[in-house]
Amino acid sequence: MKHSLLYPVNSASRRAVSLDGMWKFQFDPQSTGLASGWTKGLPDPVSMPVPSSFCDLFTDKDSREYCGDFWYETDFFVPGEWQGSDIVLRFGSATHRARVFVNGTEVASHEGGFLPFSADVTDVVRYNTRNRLSVLLNNELHEYTLPAGETAVLKNGKKVAAPYFDFYNYAGLQRPVKLLCLPQEQIVDFTVSHRLCGEDAEVDYTVETNGSHDCTVEVYDADGRPVASAAGRAGTLHIAGARLWNVHAAYLYTFVVRIVDGGRVVDEYSEKIGIRTFEVKDGHFLLNGKPIYLRGFGKHEDADLRGRGLDLVTVKRDFECMKWIGANCFRTSHYPYADEIYQMADEEGFLIIDEVPAVGFFESLMNFAAASQGNGKALGYFEKETTPTLLENHKQALTEMITRDKNHASVIAWSILNEPQCTSEGTEAYFKPLFDLARELDAQKRPRTYAIIMHSTPETSRGQQFADFISLNRYYGWYAMGGNSISDAEEAFREEMDGWNQVRRGRPVIFTEYGADTLAGEHKLPSVMWSQEYQNEYLDMNHRVFDSYDFVQGELVWNFADFQTTEGIMRVNGNKKGIFTRQRQPKDAAFHFRARWTALPDDYKA
Ligand code: GCB
């Protein structure tokens, strides 16, 4: 049976219990735990909070940098009154891959560290008593996994992660874990797409179940008043005088989906959904038919101590900072974020470009930097022996992301890769099936894009033809022609933009990255690179270029906040391109952006 990616809810027929808290944890460097019976109990565990990355909690370097197999363990109670129902464990994610055991029996495995999966444990749990849950995780990187990298072995025998990407390889149970009790006949999936008809809206829906009984859907407004209903597994809901979901003015309806057997409710699931349309038309993004200029950030799930662990305090602060600065959009660079972040974006009226963890697809080591310098290394990535495996993993992650996120009003586009090698022969054969798959899976037919690296130009990119809008990562004035050469940078930038205008075929262009590393507190007059003053000069130059091309329809600066990376000569304890510090306090540039973004009209360049 297809595993449901529906968000866990409590309802007349469903129970969801959080298993978050302090678990047990142990490294397994020789990968002998399974054979040694660790599913019967970890021999020498330490305590470990869930959700969190494990890395930054330790005080020794070997533990922080640990790469290989590691175990989490807890126990959970299953009430006797749940007998006869389906008992399911739901992991918000497990990075990067996991095998799950209950009372010693393997119940699930999953590849990919940024999307949910579940395990049906009905046949292995014991009722009215505690059950042991053991999870064997692994955080190694390979050239055929998402994200991509290598696993090296030091002379002392320890494995180390060598990411092909510029963020720390945080791992662990980084998102909530839940125990679910579901009816045997259950709703597996629910999908909506919207049409506006004058003052009204029509919502086409489909319900997928694992049984044969009929379904109903009811829609309630924010005050709990019923506004529409329909019966059947597919149909159309007519909402008279619909209140539309909008940027910074979100409005959410509650959709209640039921499986019914005569008058009996077999299963009930509910979801808050905003009604809106989004499309690319005549060189513009149209939200509910009106032009919208995108402004905001590339982000990371990244914070002190918890690493990539979901932390609602950080999530709340991030949204407050984004509202304060006048942003309306962010990209989930470079992986799908926790469910709860999309729910918050739905509530707050933010637009999301949702990105699958396809990052590091370049043939070189510190590849995001090497590649942008065109340093002569072989660049082909999609012509390898491992490419078919990579493509299968990529399709799986894309399918899971779209299945999970398709009903969010906040999600306006799919980003299918970040900075892939896209100039060599294998590009078309690799890209086409993925772009086709995204179109096929998404009932709302959201536009598809991918973030194009500096090295791929209008003349050389073989991938851009597939994108519904063009997304550029550009660092003129930072990685190229920085500091006193910034006037050359501007000239070269404009030349490239003229080139994109030649090939864009009416499509809008946005910047999914531009930015300059800046140390909070570093000042210098006149400016030098890394100072607050240079960050502002760099931004002024970039914005001058954006403002002079009408086809530029969005600017997402890199990055919302400083974030952790692997140590090395390119980074000072992390990437410092944040407009906010890692502690979410403003650098000077934050005030610069606030002045610009709060003054730009929503329909700038309409
Ligand atoms: C990029 C990458 C991003 C890096 C950024 C940088 O092009 O997409 O992951 O962090 O550049 O700061 O170099």
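Model, not experiment: these values are computed from the prediction.

Help me out: how do you make sense of the packing of aromatic side chains in this one?
When we look at a pair of aromatic rings, we describe it by the centre distance and by the angle of the planes. For the coordinates displayed, the defined rule picks out 55 aromatic pairs. Consider the rings of Phe 25 and Phe 54, whose centres lie 5.4 Å apart with planes at 40°: the pair is tilted. Of this pair, Phe 25 sits in strand β2 (residues 21-28) while Phe 54 sits in the loop between β3 (46-50) and α1 (61-64); the two residues are 29 residues apart in sequence, bridging distant segments of the chain. With 4.5 Å between their ring centres and 20° between their planes, Phe 114 and Tyr 335 make a pair best called stacked. Note that Phe 114 is positioned in the loop between β7 (105-111) and β8 (117-120) and Tyr 335 in the loop between β24 (329-331) and α3 (339-348), a separation of 221 residues in sequence.

Any chance you could explain the sheet that holds strand β20 (residues 278-281) here in plain terms?
Neighbouring strands of a sheet are bound in pairs by backbone hydrogen bonds; such pairs are parallel or else antiparallel. The strand order across the open sheet built from three strands is β20-β21-β22, with neighbouring strands paired in antiparallel fashion. For this open sheet the edge positions go to β20 and β22 (290-291), each flanked by a neighbour on one side alone. Pairing geometry for strand β21 (residues 284-287) and β22, over two bridges, is antiparallel. From the neighbouring strand, Leu 287 faces β22, where its bridge partner is Lys 290.

So what exactly am I meant to see when it comes to a negative patch on the surface here?
Together, Asp 488, Glu 491, Glu 495 and Asp 498 make up a negatively charged patch on the protein surface. With respect to the helices and strands, the residue Glu 491 is situated in helix α7 (residues 486-503). Looking at Glu 491, the relative accessible area reads 56%, which means it is exposed.

I keep staring at the sheet that holds β3 and nothing clicks. Help me out?
Across the sheet, which stays open at both edges, the six strands sit in the order β3-β2-β4-β9-β6-β7 with antiparallel pairing between neighbours. Sheet topology places β3 and β7 at the edges, where each strand pairs with a single neighbour. Strand-to-strand twist across the sheet, computed as the mean angle between neighbouring axes with direction ignored, equals 30°. Sheet topology note: the β2/strand β4 (residues 69-77) ladder contains five bridges and is antiparallel. The partner of Phe 27 across the bridge, within β4, is Phe 70.

Criteria and cut-off values
- Residues numbered from 1 in each chain as written.
- Predicted model: local features only at pLDDT ≥ 70, side-chain atom pairs only at ≥ 80, totals over all residues.
- Heavy atoms only, no water.
- Phe/Tyr/Trp six-rings, centres within 6.5 Å; stacked < 30°, edge-to-face > 60°.
- Helix = DSSP H or I, 4+ residues; strand = E, 2+ residues; numbered from the N terminus.
- Pairing = 2+ DSSP bridges.
- Patch = residues over 30% accessible without salt bridge, like charges linked within 9 Å, V, L, I, M, F, W, Y side chains within 5 Å.
- Areas by Shrake-Rupley, 256 points an atom, 1.4 Å probe, with all protein chains shown as cover.
- Salt bridge = Lys/Arg side-chain N within 4 Å of Asp/Glu carboxyl O.
- Lys, Arg positive; Asp, Glu negative; His and termini not counted.
- Charge placed at Lys NZ, Arg CZ, Asp CG, Glu CD.
- Buried < 20%, exposed > 50% of the residue type's maximum accessible area, 1.4 Å probe, protein only.
- Axes fitted to C-alpha atoms, helices over the stretch in contact; angles between N-to-C directions.

Honestly, that's just the spatial picture; any functional story needs more than this.
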